[in-house]
Each structure stands twice: as C-alpha cells, then as structure tokens.
Amino acid sequence: MSPTKAARATTPKKPRANGTRAAAGPYAQFMARAYAMETDAAERYADFADQMDVHNNPEVAELFRKLSSIEALHAKRILEEMGWKQPPRAPLAWDEAEPPETTAHTELHYLMQPYHALQLALRNEQRAEQFFARIARARKAPPEVRRAATELAEEEREHVRLIREWMKRVPKPEKDWDRDPDPPGLSD
Amino acid sequence: MNAPAIAPALTAQDFKSDYKPVWCPGCGDYTVLASITRALAALQLRPEKVAVVSGIGCSSRIPAYTTCYGFHGVHGRALAAATGLKVARPDLTVLVAGGDGDGYSIGGNHFLHACRRNIDLTDIVMDNHVYGMTKGQPSPTTEPDWKSKLSPAGTGLREFHPLVIALAAGANFIARAFSGDPSGTAAVIGEAIRHPGFSFVEVLSPCVTFRPEQRAWKEAVHPASVAATDDPARAARRLMTDDGFNTGVLYKGTRPAYSAAAGKTTLHPADLEKDFAL
Amino acid sequence: MTDATVANGRVESVSAALAGSGGAGVMTAGNMLLEAAAQAGYFGLMTRTSGPQIRGGEAAAMLRVSTFASDSQDDRFHVLAAIDWQNVNRFASEIPLGEASLLIGDPAQGEPPEAFLKSGARYVPLPLKALAKQVSGGWPNMVALGVLGAVMGLPEEALERAVRKSMKKGGEALAAGLAAVKLGMAEAAKLERSFPLALPRAGAGRWLISGNEAAGLGALRGGVRFVAAYPITPATELLEWLSPALTKVGGTLVQAEDELASINMILGASYGGVPALTATSGPGLALMIEALGLGVAAELPIVVVDVMRTGPSTGIATKTEQADLNIAMYGLHGDAPHIVVAPNSVADCLAATQWAAGLAESLQVPAIVLSDQYFGQARAIIDRPPGAPASGKRLLAQPNAPAYKRYALTESGVSPMALPGTPGVTYTADGLEHNERGTPSSQASDHLAQMEKRARKLESLDCGEDWATLEGEGDVAVLTWGSCTAPVREAFARARAEGIQARLVSLRLLSPAQPARLAKALEGVKRVLVVEQSFSGQFQRYLKAEYDLPGEVHSLRRPGPLPIRPDEIHRTLKSWSRP
Ligand SMILES: Cc1ncc(C[n+]2csc(CCOP(=O)(O)OP(=O)(O)O)c2C)c(N)n1
Ligand code: SF4
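Bear in mind the structure is a predicted one, so any value in this text is a computation, not a measurement. (Residues numbered from 1 in each chain as written. Chains lettered and ligands numbered in written order. Predicted model: local features only at pLDDT ≥ 70, side-chain atom pairs only at ≥ 80, totals over all residues. Heavy atoms only, no water.)

Each helix and strand in chain B was counted, giving nine helices and eight strands. Taken over the C-alpha trace, chain B has a radius of gyration of 20 Å; the compact-globule value for 278 residues is 19 Å, and the two agree within 12%. Summarising its shape, the C-alpha atoms of chain B cover approximately 70 × 60 × 40 Å along the three principal directions. The contacts of chain B with a sequence gap of at least 6 include a subset with a gap of at least 24, amounting to 70%. Accessible area of chain B: about 11,600 Å², with a carbon and sulfur share of 59%. Here chain B contributes 27 positive and 25 negative side-chain charges, whose respective centroids are spaced 1 Å apart. (Helix = DSSP H or I, 4+ residues; strand = E, 2+ residues; numbered from the N terminus. Rg over C-alpha atoms; globule rule 2.2 N^0.38 Å. Contact = heavy atoms within 4.5 Å. Areas by Shrake-Rupley, 256 points an atom, 1.4 Å probe, with all protein chains shown as cover. Lys, Arg positive; Asp, Glu negative; His and termini not counted. Charge placed at Lys NZ, Arg CZ, Asp CG, Glu CD.)

Given below as structure tokens:
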C-alpha cells in the first residue's frame, strides 16, 4: 500500500462504541488486544528501520519506517475510536510467541531488499486477517466483538491487497541477493 | 473514560536507549533486549535503580542499549563485577547479561561461585552455542561435531550443561527461555528478578551469522510440561534428561539469598587509633 | 602518494582504496587486486578498515602496490573507489587524499562525502552498478577491480589469473567476473588520470602472507608443537592458521576456556618437554601476567605472541597500536627477567617468532613477541624470507644424572631440565622461591642466588647482529621499533634523494636491553628522533630507562590506529638538516 492509500485506509471513523459502557467489558478487552497488536508491530518495524540504518541499507530502512508509521496510525486510531486517553496495558499472552502482526527478529538480513520487507509485511497482514477472522467466526464471542473483528478482518484484507500491489512495483530480488563475498567483520 | 487497565508509568520503550545496536539483523539478541526491557517495565522498576552488567561479546553489548546503569566490563568477569556491585549496593536490581563464551568459558569459574554464593542477581546468558564476536569459534555449549576454522574436525567434546551445573553449584532459580518468544522470555526474566538469590536464565538466542541453522530453533523449542519444582533432586532428574529445548522456569529453590553481614557498629576510624596508642 | 614519478610518467608505487558496505565485496576484490599485483611481479601490501558492525558494515580495502618492498603506508592515496558511500566518510582520516588523487564513485549512490571532496581530489563518477548489470551475473566490485587494476597499469593477464585463482569453482561466476573486470579496465582507459606503475623488478619465489601467518610459520620452524589459546582479535587468524598446520606437523592446538587457562596449559606442555606457544592481544596478555611470572620462576620456556591492538581495556579491537610495551617489559610482579622480541616487518614476524621460540628454549624462559594488528592482519607480497639459523635447544638432564639439581647455579645460569619420564632426576617445578634442588625456600641467600641465576641467563644471551636492524649513516639517528620501522625507512629513502643522511636503528630485542650495542650504533650521533605509535611515549621512556642516548632527543609519536606516515618523518629530517 502506498503511504497515501494507507493514510486513507486508516482515517479515523466515528467511535465504534460508547467508551464508558465498553470500559471493562469483552469488547474493550478485544480492542485493547488489537491496540497491542498494532503498537507491537509499529515498534518492531521501527526497530527494523534502525537496524537497516546501522547496516547501511537506507532503502529498506525507509520502507520499514513507513510500515511502522502506518501501524502506529492504526494504533492511534483505536485509541481515538475507543476514546481512550491513555493506552491500555498490553496483554502479554498470544497464541503464537509474538502478536500476529509482528515479524520475528530472526527474519531479517542486512542485505534484504524492499521486496523482502514487503513479503514480511504481507505475511503479517495475512496473519492479522486470520486472527480477526477467527474471532469474527467465534460463536461464543459477544456480537459486538464479532462485529468489530469482522470490520478489522476486512481492513486487514484490504491491507493484504494493497501490499500485494505495492510488491508489484518493486523489483524482485535476484537469486543471489544475499551473496556477500567478504567474511564478517570482527570486533572486541 | 478508563482503559481496561491503568496504563503503566513506564513502558518497555522507556528502558530502550537511543543507541542503536550493532548486532546483525536477524540476531536473537535483539529480542532478548526487548524481553529485558519488557520485564523491567512490567515490574515497574526505575531504570536508574537497575544495573546491567556484562563482559565482552556481541550479547555483552546489551547494557548500553538500555537506559539502565550499565557496566560493560572485561571478558568473562561480569559476574565478578556484579557480585561486587550488588554486595556494595543491595538496593539495586542487578542483571548480568552476556554470551555462552563469556559466561561458561572464560567466566565459567565465576559462574560456579556465583551460583554457590547465591547473591541476589539475575544472570541472563544468551546462548548461541558459538563465539559470535570473534567470528565463529566453538563455545562450551557447541555441539561436538560442529566444524569451524579453529576446530576443523569439531571439538569432539561433550557440551557443557549449564542448567545442571547451575543446580549442582547452588543456583536458586533456573530457567530456560527462547529469544523468539519475547513475552515468554520477559515473563521468565521478570520472575527471575523477583526470585531471591541467584537466578539463572539461559536464553537460546540464535546467531544468524555463524549458526544460521539456529533459525530452526523456533520449531525445536517447547514449553516445559510440568511446573517448576523446588526439590533439587527432582530438578536434577528433569534437567539431566531434558533435550535442551524445554523452556520455562524449571527450578525455584528456597535457599535464602546471601546477605553481607551488616555491622551495627558506629565506630569512626579515628576510634580505632587508640588500639595503637601506647 | 609521493610526487615522485619516474621518467615516462610511471610511478614506483600506487596506493588504492576500495570502499563499500557489507555485501559489496570490497575485501574480496582487494585481495584479488593484491594477488594480481603479485602475479605481475610487484610488491604490495593490503590492510583493511571496517565499521563496528559484524555484518553489512562499511569497509575499505587499502592497498599499496610498488616496485620495491615496503610495509609502509604512503602519505596519501592515489585513488579511492567506492561501490557506495554509506558511512565511508568515517574512513577519511585513514584514507588521506590529495589534489592529484582520483575519487571514483557510482553516481547512483550519490555524491562522495565532503570529507573526501575537500581534499581537492578529482571526482569521476562511474556507474559501477549499471556497468556490472551489462554482464549477466556481473558484480560492481569486479568492475571496480578492473578499474583499479587498469588505473595502476596492471596487465590484464595478471588480473585474469588472480580472478581465476580466487574463483576456483569456475563456471558462470568466473565468466561473469572476468567480463566485469574487462569492462572495468575499458572504463578506466577513458579516465584522464591514471597512475601506471613502472616495470616491476624481477624476482622469483615471492610470498603472499600475513604477519599472523608468518608468525605461525615461525613458531613451527622454531619447534613449537603445542598451542593453547583463547580467541581474540587480532590474534585469531594466527591460531586459525596454526590449528590445521600444527596437526600436519604432529602438534596440537587446544582452545582454552580463557587466557588464564591457555597460559597455564602451555606451561604444562612445556614442563612436559614440548615447545609451547600461545597467541593473544592486550586483554589476554593482561590475564596471563601472573602465569608468565610462574614461567620465569619455574624456568619453563614458553612463547606468548601479543598481536597488539588499541588499548587500554577492550579499546579498539580491530586497530593497531604500540602500547603494550610497558606491560610486556614491566608488567610482571617481582623481578622477573624474560625475553621480549619485536618483529619489524611482516616478513620478520616469521624470523622474530622463530628466534623467540629458540631463545625461550635455550634459556628456559618465557618470551613475549610483540607483533601488532598492522602486521598481523596485513597481507603482503614479500621476498621469500631467508631461512633462520637453527633454533636453540633446551638443555636436558640425563637419566639418573648423579646428584641432580634442577636449579643448579651454573655459570650461564642455564641448568639442565629433567623431563617427566626421565628416571632418577625427578623434581618439582615451582613458583615458590626455591633452592638449587627445587625445594621451596624462604632463605634470603637462596632468593638472591636464584635471582642472580635467572638474570645471568639473559646476560649470557648472545644476540649477535639480531638485536636491531641498522641502516644508514650520519649524525642523526632515528630510533624506532615494530611497524613504525617501514615508514622511517621510506622517509630515509626520500631524504637520501635530497642528500640528507641519517641512521636507522630499529630494535628487535627489547629485553634484555643491549646498552653497549646501542651505544656503539649511536657513536657520533648528535640528534635522536624516537618514532613510535603510543600516546605516552612508552618506547621513549623505555629507551631513557635502559640506555644512554647521545645528544638531543626528540619524540614523534601518536597513539594508534593512524599510522605515522613517511612524510612526517621526512619533514623532521629535512628541518634538522638545515643549519
Ligand atoms: C581476555 C579476552 N580474551 C579474548 C577476548 C576476545 N573475545 C571477545 S568476545 C569473545 C567471545 C564471544 O562469545 P560469547 O561470549 O559466546 O558471546 P557472543 O559474541 O556469541 O554473543 C572473545 C573470545 C577478549 N575480548 N578478552
Ligand atoms: S555475530 Fe551472531 S551473535 Fe553476533 S550479532 Fe551477529 S548474529 Fe548476533
């Protein structure tokens, strides 16, 4: 997704629910979780951008920074929608080791190219979509939660589509993109 | 309007310095850093009340990446430095962090004695089964048949089993974590910090540069199937038979932590001079 | 670079640097360029510099190719080519340029950093990446290799042979490499500036070797068959070279758990009769000090190669400095006479290490070899080093020698050592002060007698001509050591061309000091310049403590890692020659 499209996709809508009523209920819990997902993703992308800066890969750094600000925007929008003045405490447990929209650190490579970064982002959006879709389908979940999950799943689906388009616009890496003829540096 | 839980005063980000790590992208240590900062935030500690002490190695660069007080000492001596610090300043939360070479090889002897002394420290060893910083030599936890320039035929030596040794030497808390699971690692570190005495956390943290095959660790790790025991004999049996990928808190001892004999005298050095007076 | 060119616009020496981020392959290309220079019959030296990142960091290969042998860096670089400019500005002080220099960069990677442009060097944009793309499977570093090879006038066959040698797998990669090099050479032909080298001097049997490898080879030649060590930059390559090499000569290498262990392991091996060595750098040497004292007291021969890096503490692990002199000379507690030897060229790393091993064995004493990162990690094309004379042997006790005393007070101080397994002469090696038999003793008389014995051993050392490298004449002398020697020598060559004479004294045997020999070498000298790479002037203090220096003494010094360049020394000599 291009930054402008991303911005459009994340323009705040009207608050989804009456904040007071939602404060401690399952709906607020659900939105807090969604918020944690977005912030975690934003922080991780920002981390990645820093890593790419340090390792002389400015192009991918910029891309990660862009992805980070998109996720941060999503998080901010949740705060606004819920009318929360302060961020909710992040729940620590997820089905997997990390939240669905977060890339593991070990996926990175210092010679990676924008295409790789988008591949990672694509997988994140897909996982997020599945995560919300599962909740949307869950019979036991309160209707309010299911409704919100359906909406969020829809959004993530849109992100998947946008990233796929974005990927068409960046060159595909050649097969030996990670070739480095020199040995690692040394220190200390 | 209130959020579901009151927001913490400090977040993990507040424990992260703006000094950017030199670690290879992909290195497991990034997530260990994230786990430590999360654990400190979850415990609501203040950065200035926490000291992170390390030796030398890739992983040992960690203190400067936090906003805590840091001590980046010399190779292998982190536990010794931390021991001095904690005894002198029991008010601080002291974390020791470093690699398997630093912690088990050059610092192996200090490891034994730190376990035995049972000072209230948390020792986090980022184990990648290799010397990262010096370009890929075998460490004490390296598999006997892993080949490198310095050991072209492998070491042929049995791996060191840090958890069993920690137990035998008297560590009061023994856990294993996996860097790829930051919340799990953060939870374990948090518990280790809270537990009195010497807490030892071995974190499997892949070195993607010299051991890229360790990326597959995420498939190998599995949470411990039973809760932590406080019985050293049972813990010994469990640790001796575990496959090295069992994660979680494995032993929680009940030994009281070391405390320096705090004198209650109020003498002034000048008061002692009289002993010499004729 | 110097401005000296020979008649037909050809130069005697070219300095070239190739920089870029990780993945660009600058070291690989640099190594090929050095190999090509060797193939073409030139001398050469390659050093490197890099950022703190383990992967993906900025790096530069720095080469000097010349018609004469030299371990010195030149004053400036003739050409700097960069595959990209990411953080390459950090190397500005290590890659000095001048107005006559050439700056080559890919315009797609942006402008060269101001730090280089302000030198006045001519900037020539060259689309290295786009050029590489013209070849299927082509890489910019190979194009750059062609460019630099052509700029220094290396023949195409030499470059081709170098590429073939390093891409042994052949196939498409080799074809692409060769094509990219050719393309680079064609591009270079269009440049209006180049620095073609004069024809090389004929020479057969040259070597391409690093100081660390040379030291490793010297150790083996000196009889070393046991090595225990703990990895540390910049000594690791010495160990990595020795590990398989030792196996080949029937020796063993043990990776110890730390330096406390490694030095004690080699003491044990030596006690068992096997000549033993460890290699380390400053932090490791600091850890070994206590056990070095044990070696002195128990009279166990061992060799410790210290590949010096920037200190104190962890310092700058990958960069050079001459500041471990104090600890090597004076770090041991008690009065502990031992040997300190310093190689003064890459090639000399071989001879000096071999010599140290022999001295250790024949005098039954620890020997420290002070190499440094510059020598250790530099790769140099050198004339085949001459075979050193047969190494010293340990004086051994005979089986059942009557009334055997391990620490007998002999005239030379050296007493026969019994090796475990030898019947009738068992003893205990001890760091406790002892009597002649080796029995611990706290008697003042035993302490004095054993101190004198240990000191006598070093006094009996006959170093012949090996204690220093002496060159030139005149009433000005430059005293230096180690890797500062080559720039001094080069400054002398320039001064000589202007009719200025001076004496070079480069000390190789630092302990025991040779005051009588130095006094003789400095006879008639009125001014002394001490050149060293240490902030506090450790070498000068050492000279003041151990020798009487004639006339005025000046110091030219700087801490690592920036080298002292020939021009600085030359300028001092010039200013002194004016009345
Ligand atoms: C006394 C001393 N000896 C050796 C070294 C070189 N050295 C630096 S880090 C290191 C080992 C690093 O391995 P590890 O502790 O496992 O950490 P990692 O880099 O893998 O995180 C060594 C041998 C040193 N700095 N000091
Ligand atoms: S070398 Fe290995 S341990 Fe060191 S930073 Fe790189 S990946 Fe991490």
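Picking up where we left off.
Moving on, we come to helix 10 (residues 282–298) of chain C. Residue and element names in this part refer to chain C. Here helix 10 is 17 residues long and its end C-alpha atoms lie 24 Å apart, about the 24 Å a rise of 1.5 Å per residue gives. Most of helix 10 is tucked away: 12 of the 17 residues are buried. Listed in full, the buried residues belonging to helix 10 are Gly282, Gly284, Leu285, Met288, Ile289, Ala291, Leu292, Gly293, Gly295, Val296, Ala297 and Ala298. The secondary structure elements touched by the buried residues of helix 10 are helix 9 (259–271), strand 10 (276–280), strand 11 (302–308), helix 11 (325–330), strand 13 (366–372) and helix 14 (444–459). Directly beyond the C-terminal end of helix 10, a positive phi value near 60° is found at Glu299. (Expected span 1.5 Å × (residues − 1). Buried < 20%, exposed > 50% of the residue type's maximum accessible area, 1.4 Å probe, protein only.)

The next subject is the confidence of the model for chain C. When pLDDT drops low, the exact placement of atoms in the prediction is not to be read closely. Taken over all residues, the pLDDT of chain C has a mean of 95, while the share at 70 or more is 98%. Interface scoring of the predicted complex returns ipTM 0.80; its pTM is 0.88. (pLDDT = per-residue confidence, 0-100.)

Entries for chain C in the domain assignment read domain 1 (7–188), domain 2 (208–382), domain 3 (395–461) and domain 4 (464–577). Using only C-alpha atoms to locate each centre, domain 3 of chain C and domain 4 of chain C end up separated by 39 Å. (Domains from an automatic or database assignment.)

The next subject is the packing of helix 5 (residues 156–166) of chain C against helix 6 (residues 171–189) of chain C. A pair of packed helices is captured by two measures, namely the crossing angle of their axes and the spacing between those axes. Residues and elements named next belong to chain C. Where helix 5 contacts helix 6, the axes come no closer than 10 Å and their chain directions differ by 150°. Between helix 5 and helix 6, the interaxial angle falls into the category roughly antiparallel. Note on packing geometry: the crossing formed by helix 5 with helix 6 is right-handed. For the pair helix 5 and helix 6, contact is made by Glu156, Leu159, Glu160, Val163 and Arg164 and by Leu174, Leu178, Val181, Lys182 and Met185, respectively. When grouped by side-chain class, the residues that make up the contact of helix 5 with helix 6 number six nonpolar, no polar and four charged. (Axes fitted to C-alpha atoms, helices over the stretch in contact; angles between N-to-C directions. Parallel < 35°, antiparallel > 145°, perpendicular 65-115°, else oblique. Left-handed = near helix turned anticlockwise from the far one by under 90°. Nonpolar A, V, L, I, M, F, W, Y, C, P; charged D, E, K, R; others polar.)

This next bit is on the packing of helix 4 (residues 58–82) of chain A against helix 6 (residues 143–169) of chain A. Residues and elements named next belong to chain A. Between helix 4 and helix 6, whose axes approach to 14 Å, the crossing angle comes to 165°. The pairing of helix 4 with helix 6 is recorded here as roughly antiparallel in orientation. Of the two elements, helix 4 crosses helix 6, and the hand of that crossing is right-handed. From helix 4, Leu63, Lys66, Leu67, His74 and Arg77 reach across to helix 6, where they touch Glu155, His159 and Trp166. Looking at the contact of helix 4 with helix 6, its residues break down into three nonpolar, two polar and three charged.

Of the residues lining the interface, 36 residues belong to chain B; the matching set on chain A comes to 38 residues. Surface buried jointly by chain B and chain A totals about 3,000 Å² across both partners, of which 57% is contributed by carbon and sulfur atoms. Where chain B meets chain A, there are five salt bridges. Connecting chain B to chain A are nine residue pairs in polar contact (both at pLDDT 80 or more). In terms of residue class, the side of chain B that touches chain A is made up of 19 nonpolar, nine polar and eight charged. (Buried area = accessible area lost by both parts, 1.4 Å probe. Salt bridge = Lys/Arg side-chain N within 4 Å of Asp/Glu carboxyl O. Polar contact = N/O pair within 3.5 Å; in protein donor to acceptor, adjacent residues only side chain to side chain.)

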